[in-house]
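Spelled out from the first residue to the last, the chains are:
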Amino acid sequence: MATSRRAWVVWGVGLVAYIVAVLHRTSFGVSGLDASARFGISASVLASFVVLQLLVYAGLQVPVGVLLDQIGPRRLLIIGAAIMAAGQVVLAAAGSVPVAMGGRVLVGAGDAMTFVSVLRLVAAWFPSGRVPVMTQLTGLIGQLGQVLSAVPFVAVLHQFGWPVAYTSAASMSVLVVVLAVAAIRDAPDVRAVPIRTGVWGGAGRDLVTAWKHPGTRLGLWSHYSTGFAGIVFAMMWGFPFIVAGQGRSQALAGTLLTLMVLAGGVAGPVLGVLVTRHPLRRSWLVLGVVVANAAAWTLVIVWPGQAPIWTLVLLVLSLSLSGPGSMVAFDFARTFNPPNRLGTATGIVNVGGFTAALITILGVGIVLDIRTGGASTYELDDFRIALCVHYLIWVSGLVGILRARRLVRRRMAEHGVVVPPIREVIERRRRHRRSQT
Ligand SMILES: NCCCC[C@H](N)C(=O)NCC(=O)O
């Protein structure tokens, strides 16, 4: 199947929708100081906004995935954009913490509907061999939303104030609604896509069937184990760890976070190509990312005293693999589920990384609070202990991946596809190379 011009237009509009969703997602974080002043809140209340948003996002993934299979990506994307616009308008007008939290709940809910819809459009409009790279590009380019919130959104906030900034952000989603109505169709041939619009009877069965397939669970555990470390670092603890824990400047912390985003831009397409070329070795890519993340964090955590800058660079380079690594998980959902169950399966997978991030953000915060008695003056040793929460996720995730992978391979073998052990492949290649010389 060749890629049509219409496919690029549909993807382009879907991508704009996702970029705007990421802008909304990150807008509160970049206006943290203004929010503190406006609502008179402390850092921990501010952090609870991040936790609430992640909770709503992760909690809605499964229902949203089921809904996606029922009403299709176009409608879900439009509903999501409308909800996010409403959320940002609520925030623009909010004068109290509960109202502001209500606004964030709406933003989290609309955000939850966006990414899974765009992935569904990618799977429907692009030839399957291109899907892994297109998926990586979607995840990658979507992060531009973070730049939009950090630069133009903050500029409008400081120039024209809170209500104008949040209302302008809301207007971006209104634009997305207009574009999506005009340009998006669920699939090249809507009749060929088994979206069972309005047929709710099979939704529960689809959910059970998607969950029961070990391939979906392999995706869930892969997303859980790879995605969380990058989210935790970028959304919550990276900056405080470098500044308060490592005693480095805010400028260096900002540079390291930027380096992480830039390196992710290289890692994403590379992983996309590797997934396309070695579909039977996807789990090894996932395991490699987990090992790289865990090894780099271990080096920084055990380093006596202030860690040298090269170790921090190594840490952010390895964490830059986190987001792209978690995108591999969606490929498991796609290839082990039929199109009519893809939304449900993608939703299940997408719960993983965000739930793990939520647990880690909260866990690290709780340990820091216990260590410091609630005072926000953290020392390096406090961070060293608190950051060990990561290991709980890595260990539980690895157990989940290995168990699900064993079941997947057993099921594949029943269908005549046997995945040879990696050492056998290496040995075979070595012998082949020797016979060539
Ligand atoms: N900074 C967040 C990166 C998350 C990327 C990840 N692979 C993912 O699942 N994205 C879903 C989303 O809604 O962003």
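Remember, predicted model here, so these are calculated numbers, not experimental data.

**Re the site of the ligand**
Next up, step 1: Lining the immediate surroundings of the ligand are Phe115, Gly139, Gly227, Ile231, Ala234, Gly323, Ser326, Met327, Asn350 and Gly353.
Next up, step 2: Within the residue set of the shell around the ligand, elements represented by two or more residues are α10 (214-245), α14 (322-336) and α15 (342-372).
Next up, step 3: The residue makeup of the shell around the ligand, split by class, is four nonpolar, six polar and no charged.

**Observations regarding the packing of helix α6 (residues 131-142) against α14**
Next up, step 1: It is the contact of α6 with α14, at a shortest axis distance of 10 Å, that shows an interaxial angle of 135°. With respect to their mutual orientation, α6 and α14 come out oblique. Between α6 and α14 the crossing geometry is right-handed. Residues Val131, Pro132, Thr135, Gln136 and Gly139 of α6 pack against Gly323, Pro324, Met327, Phe330, Asp331 and Arg334 of α14.
Next up, step 2: The class makeup of the residues in the contact of α6 with α14 is five nonpolar, four polar and two charged.

**Notes on the domain arrangement of the chain**
Next up, step 1: Each assigned domain of the chain is listed here: domain 1 (1-184) and domain 2 (202-437).
Next up, step 2: Using only C-alpha atoms to locate each centre, domain 1 and domain 2 end up separated by 23 Å.
Next up, step 3: On the domain 2 side, the residues contacting the 32 residues of domain 1 number 40 residues.
Next up, step 4: Counting residues per element, the ones that place at least two in the side of domain 1 that touches domain 2 are α3 (43-71), α5 (97-125) and α6.
Next up, step 5: Here the side of domain 1 that touches domain 2 gets 16 residues from one element, more than from any other, and that element is α3.

**Points about the packing of helix α1 (residues 5-30) against α5**
Next up, step 1: Look at α1 against α5: their axes get within 9 Å of each other, and the N-to-C directions meet at 155°. Considering the angle they form, α1 stands roughly antiparallel to α5. The chirality of how α1 crosses α5 is left-handed. Packed against α1, whose contacting residues are Ala7, Val10, Trp11, Gly14, Leu15, Ala17, Tyr18, Ala21, His24, Arg25 and Phe28, the element α5 presents Arg104, Val107, Asp111, Thr114, Phe115, Val118, Leu121, Val122 and Trp125 at the interface.

The rules behind each value
Residues numbered from 1 in each chain as written. Predicted model: local features only at pLDDT ≥ 70, side-chain atom pairs only at ≥ 80, totals over all residues. Near = placed C-beta within 6 Å. Helix = DSSP H or I, 4+ residues; strand = E, 2+ residues; numbered from the N terminus. Nonpolar A, V, L, I, M, F, W, Y, C, P; charged D, E, K, R; others polar. Axes fitted to C-alpha atoms, helices over the stretch in contact; angles between N-to-C directions. Parallel < 35°, antiparallel > 145°, perpendicular 65-115°, else oblique. Left-handed = near helix turned anticlockwise from the far one by under 90°. Contact = placed C-beta atoms within 7 Å. Domains from an automatic or database assignment.

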